[in-house]
Amino acid sequence: MSDLILLTGISGFIAKHVALELLAAGYRVRGTVRSAAKAALVQETLKNAGGAVDRLEFVEADLTQDNGWDAAVAGCRFVVHTASPFPARQSKDRYALVPIARGGTLRVVEAASRAGVERIVLTSSVAAIYYGHDAKQGPHYSESNWSNVESSHISDYAVSKTEAERAAWKAVEAGGPELAVVNPAFVLGPMLDRETGTSAELIRTMLMGRLPAVPDITFGIVDVRDVARAHLQAMTVPDAAGRRFILCGGSLSMMEIGQSIALAEPSAASRVPKLVLPDFLVRAAAIFTGKARAAVPELGRRKILGTEAAERTLGIDFRPPQVAVAATVRSLKELGLAN
Ligand code: NDP
C-alpha cells in the first residue's frame, strides 16, 4: 500500500506544520507549489525544523489550472487539500474568490477520484460554519451549521470557504474517495519561517502598537500544532470519514488577545490595545471603511464553538488560545518581524 500523500499548498503557514506532522508519522509527502522557487524555500524550512526531507518531493500545480493535478495525485494514497486563497484584504465582490477556491477544490477532488485515492482531508474553516446568521442563531455553533452565503454581512473569504466545502461534499456524494473536513478557527502559533501567512498579521499589528483601540469582537483561536495533528488524525482515524470537525482551543476578544500579547512579551505592554471602541463608532466608521463594515455584524457576538467531535474522534486535546498567541509573539520576535 502506498504511503505517499499529496499535500496541496505546502508553502502555506498551516501546511508546513501539516507536512512536519506527516513526515514525523513516517509518510512520504508530495507538496504542491505554484512555482519551483517556493519549493526550495519550503525544503529548507522543513529541514531546519527537523523534518525528514528525504521523504519530501514537490510538484507544480495551480488551483486555477487543470494541468498538473493528475500527475500530482498519481500514486497517492491520501490527499490533504489545504491550498486556498486567504487574502488579508476583503473584496467588495463577495464571490471574487469562489472560482479559485471552489474550482480548485473540484480539480483536486476529481483528480483524486480518478487516481483512486482512499481519503481526502479538506482544510475548510469555521468561516464555512458561523457567518451570515442573524442574532436568533444564538452563540452556539456545531458542525451542523453552515454559513449563509446569501447574507449581505459575509466576506468574500467566508463565501469562498463555504462554497468550496459544499462542492467537495457534493463531488464525493456518488462515490469516489472518502472525505473528512477540518474547520479550524483563527489559526495562530509558531511560525517556521518568515513566510508567515495572513493570520499572524493581527498579532504583529498589535505587537507593534498600530492598534490602540479595537472593536468588541471575539474570535475562536486554535494552535497550528493542534491543527496539524488534526489533519493527520482526520486522514487516518476510520470514524473520521464523512465528517466535519471544528478545531478551536477557546475564544478571546481582541482586547484579551492584546492582554495575552502583553503577558507573553511584557516589553509590549504599553503598545497593545487599551480601548474598546464603542459599537456606535464602529458602525459610523463602516460607512467609510471596509474593515469596519466587516466588523459590524460581529460586534458583541461571542461564539461558542462545539469541539467535542475533534476531541473524541480525533483525540485532540486543544492548547488554550493564550498559548497560541504567546507562540506567535515569540516567533515574530525571533524572526525579526516585530522589532
Ligand atoms: P497561507 O496563505 O499561508 O497558505 C495558503 C496556501 O494556498 C499557500 O500555499 C498558497 O500558495 C496556496 N494557494 C493560494 N492560491 C493558490 C492557487 N491559486 N493555486 C495553488 N495554491 C494556491 O494560509 P494558511 O496556511 O493560513 O491557510 C491554509 C488553509 O487553511 C486555507 O485553506 C485557509 O482557508 C485555511 N484556514 C486558515 C485559517 C487561518 O486562520 N490561518 C483558519 C481556517 C482555515 P502560495 O504560497 O504560492 O501563495
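As a reminder, the structure under discussion sits directly above these lines.
Because the structure is a prediction, the values reported are computed rather than measured.

Student: How would you explain the packing of helix α8 (residues 254-264) against helix α12 (residues 321-334) if you had to name every residue and give the values?
Tutor: Their axes nearest at 9 Å, the elements α8 and α12 cross at an angle of 55°. With respect to α12, the element α8 is oriented oblique. Between α8 and α12 lies a crossing whose hand is right-handed. The residues of α12 that touch α8, namely those facing I257, S260, I261 and A264, are Q322, V325, A326 and V329. When grouped by side-chain class, the residues that make up the contact of α8 with α12 number six nonpolar, two polar and no charged.

Student: Before we move on, could you go through the nonpolar core and cite the residues and values that matter?
Tutor: Counting 81 residues, the largest nonpolar core has I10, M235, L247 and I261 as its most contacted members. Among the elements that line this core, the one with the most residues is helix α1 (residues 13-24), at eight residues. For I261, the residues in contact, after removing those within four places along its chain, are I203, M206, L207, V272, V325 and V329. Counting residues in hydrophobic clusters, the runner-up holds 23 residues, among them L6, V109, W169 and L179.

Student: Explain helix α7 (residues 224-236) to me, using residue names and the numbers behind them.
Tutor: Here α7 contains 13 residues, and its C-alpha end-to-end distance of 19 Å stays within 8% of the 18 Å for a straight helix at 1.5 Å per residue. Burial of α7 is extensive: ten of the 13 residues sit out of reach of the surface. Listing the buried residues of α7 in full gives V224, D226, V227, A228, A230, H231, L232, Q233, A234 and M235.

Student: A description of the packing of aromatic side chains should follow, citing residues and the corresponding values.
Tutor: Enumeration over the complete set of coordinates arrives at five aromatic pairs. Ring centres of Y27 and F78 lie 6.4 Å apart, and the angle between their planes is 85°; this geometry places the pair in the edge-to-face category. Of this pair, Y27 sits in the loop between α1 and β2 (28-33) while F78 sits in strand β4 (residues 78-81), placing them 51 residues apart in sequence. Relative to Y141, the ring of Y130 lies with its centre 5.8 Å away and its plane at 65°, an arrangement referred to as edge-to-face. One end of the pair, Y130, is in the loop between β5 (119-123) and β6 (140-141); the other, Y141, is in strand β6, and eleven residues separate them in sequence. For the pair formed by Y130 and Y141, the shared burial category is buried. Grouping aromatic residues by their ring pairs yields a cluster made of Y130, Y131 and Y141.

Quick notes on the rules
Positions within a chain are numbered from 1, following the residues in the order the chain's sequence is written. Per-residue local features of the predicted model are confined to residues with pLDDT of at least 70, and side-chain atom pairs are confined, for both listing and counting, to 80 or more; whole-chain, interface and lining totals are unaffected and use all residues. Each side-chain value is derived from all of the structure's non-hydrogen atoms; neither hydrogens nor water enter the calculation. Here the axes come from fitting lines to C-alpha atoms, over the contacting stretch only for helices, and the angles between their N-to-C directions go from 0 to 180 degrees. We count a stretch as a helix when DSSP gives it H or I for four or more residues in a row; a strand needs E for two or more, and each element gets its number in order from the N terminus. In these notes the angle categories are as follows: under 35 degrees is roughly parallel, over 145 is roughly antiparallel, 65 to 115 is roughly perpendicular, and the rest is oblique. For any helix crossing, the convention is left-handed if the near helix is rotated counterclockwise from the far helix by under a right angle, and right-handed if that rotation is clockwise. Should any heavy atoms of two residues lie within 4.5 Å, those residues are considered in contact. By the convention adopted, Pro, Cys, Tyr, Trp, Phe, Met, Ile, Leu, Val and Ala count as nonpolar, Lys, Arg, Asp and Glu as charged, and the other residues, Gly among them, as polar. Throughout, nonpolar core names a set of buried Ala, Val, Leu, Ile, Met, Phe, Trp, Tyr and Cys residues whose side chains join them through atoms within 4.5 Å. Each residue is placed in one exposure class: buried if its accessible area under a 1.4 Å probe, protein chains only, is under 20% of its type's maximum, exposed if it is over 50%, and partly exposed if it falls in between. Expected helix span is taken as 1.5 Å per residue step, with the number of steps being one fewer than the number of residues. Centre distance within 6.5 Å is the pairing criterion for rings of Phe, Tyr and Trp, where only the six-membered ring of Trp is used; planes under 30 degrees apart are then read as stacked, over 60 as edge-to-face, and the remainder as tilted.

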